[in-house]
Amino acid sequence: MTRLSDAWKGFLGFAATLVWLWGVSAITAEKPERGRIIWAVGLTPVALFALGVARKRNQAAHRALHGLCKNCGHDLRACKDRCAECGTPTST
């Protein structure tokens, strides 16, 4: 089975949330304040997921820039082929 990338997971989650909210908004057309609350509740997980992905990418870029292990963040200046902390192979 093929694993989905984080970007595709985010997109599918966002699309599913929009479809769900579209259906709910039709139900709550009589009381718009409920619709706004449901939109806020529905979009919060999508926003949190997007922030998590952005944080993970920023962390990976920071670690690569400063010569740290991409897995655990251990300093790799003394190690040539593997991280001494977690054993992850270093990329050259």
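As a starting point, this report considers the structure included with it. (Residues numbered from 1 in each chain as written. Predicted model: local features only at pLDDT ≥ 70, side-chain atom pairs only at ≥ 80, totals over all residues. Heavy atoms only, no water.)

1. A few points about the overall build of the protein
Looking only at helices and strands, the protein has two helices and zero strands in total. Counting every position in the protein, which comprises 92 residues, the buried fraction comes to 16%. Sequence separation of at least 24 residues holds for 19% of the intrachain contacts in the protein that already meet a minimum separation of 6. Taken as a whole, the protein presents about 7500 Å² of accessible surface, with 63% of it coming from carbon and sulfur. (Helix = DSSP H or I, 4+ residues; strand = E, 2+ residues; numbered from the N terminus. Buried < 20%, exposed > 50% of the residue type's maximum accessible area, 1.4 Å probe, protein only. Contact = heavy atoms within 4.5 Å. Areas by Shrake-Rupley, 256 points an atom, 1.4 Å probe, with all protein chains shown as cover.)

2. Details of the environment of Leu-68
Among the secondary structure elements, Leu-68 is positioned in the segment after helix H2 (32–65). Judged by relative accessible area, Leu-68 falls into the partly exposed class, the value being 23%. Remark: the alpha-carbon pair of Leu-68 and Thr-90, spanning 22 residues in sequence, is separated by 9.4 Å. Not counting residues within four places of it along the chain, the set of residues in contact with Leu-68 comprises Arg-63, Gly-73, His-74, Asp-75 and Leu-76.

3. Things to note about the pattern of salt bridges
Taken as a whole, this structure holds one salt bridge when the rule is applied. The partner of Asp-75 in a salt bridge is Arg-77, and the shortest N-O contact between them spans 2.6 Å. Look at Arg-77 and you get exposed, because its relative accessible area is 69%. (Salt bridge = Lys/Arg side-chain N within 4 Å of Asp/Glu carboxyl O.)

4. A word on a nonpolar patch on the surface
There is a patch of nonpolar side chains on the surface, built from Phe-14, Leu-18 and Trp-39 and spanning about 240 Å² of accessible area. Relative to the helices and strands, Phe-14 resides in helix H1 (residues 6–27). (Patch = residues over 30% accessible without salt bridge, like charges linked within 9 Å, V, L, I, M, F, W, Y side chains within 5 Å.)

5. Some details on the environment of Ala-64
Within the fold, Ala-64 resides in helix H2. Its relative accessible area of 62% is what places Ala-64 among the exposed residues. For the pair Ala-64 and Ser-91, spaced 27 residues apart in sequence, the C-alpha to C-alpha distance is 9.7 Å.

6. Some points on the state of the cysteines
Enumeration according to the criterion identifies zero disulfides in this entry. Between Cys-69, a cysteine without a disulfide, and Cys-86, which holds the nearest cysteine sulfur, the sulfur-to-sulfur distance is 3.7 Å. A disulfide-free cysteine, Cys-72 has its sulfur positioned 3.6 Å from the sulfur of Cys-83, the nearest such atom. (Disulfide = S-S within 2.5 Å.)

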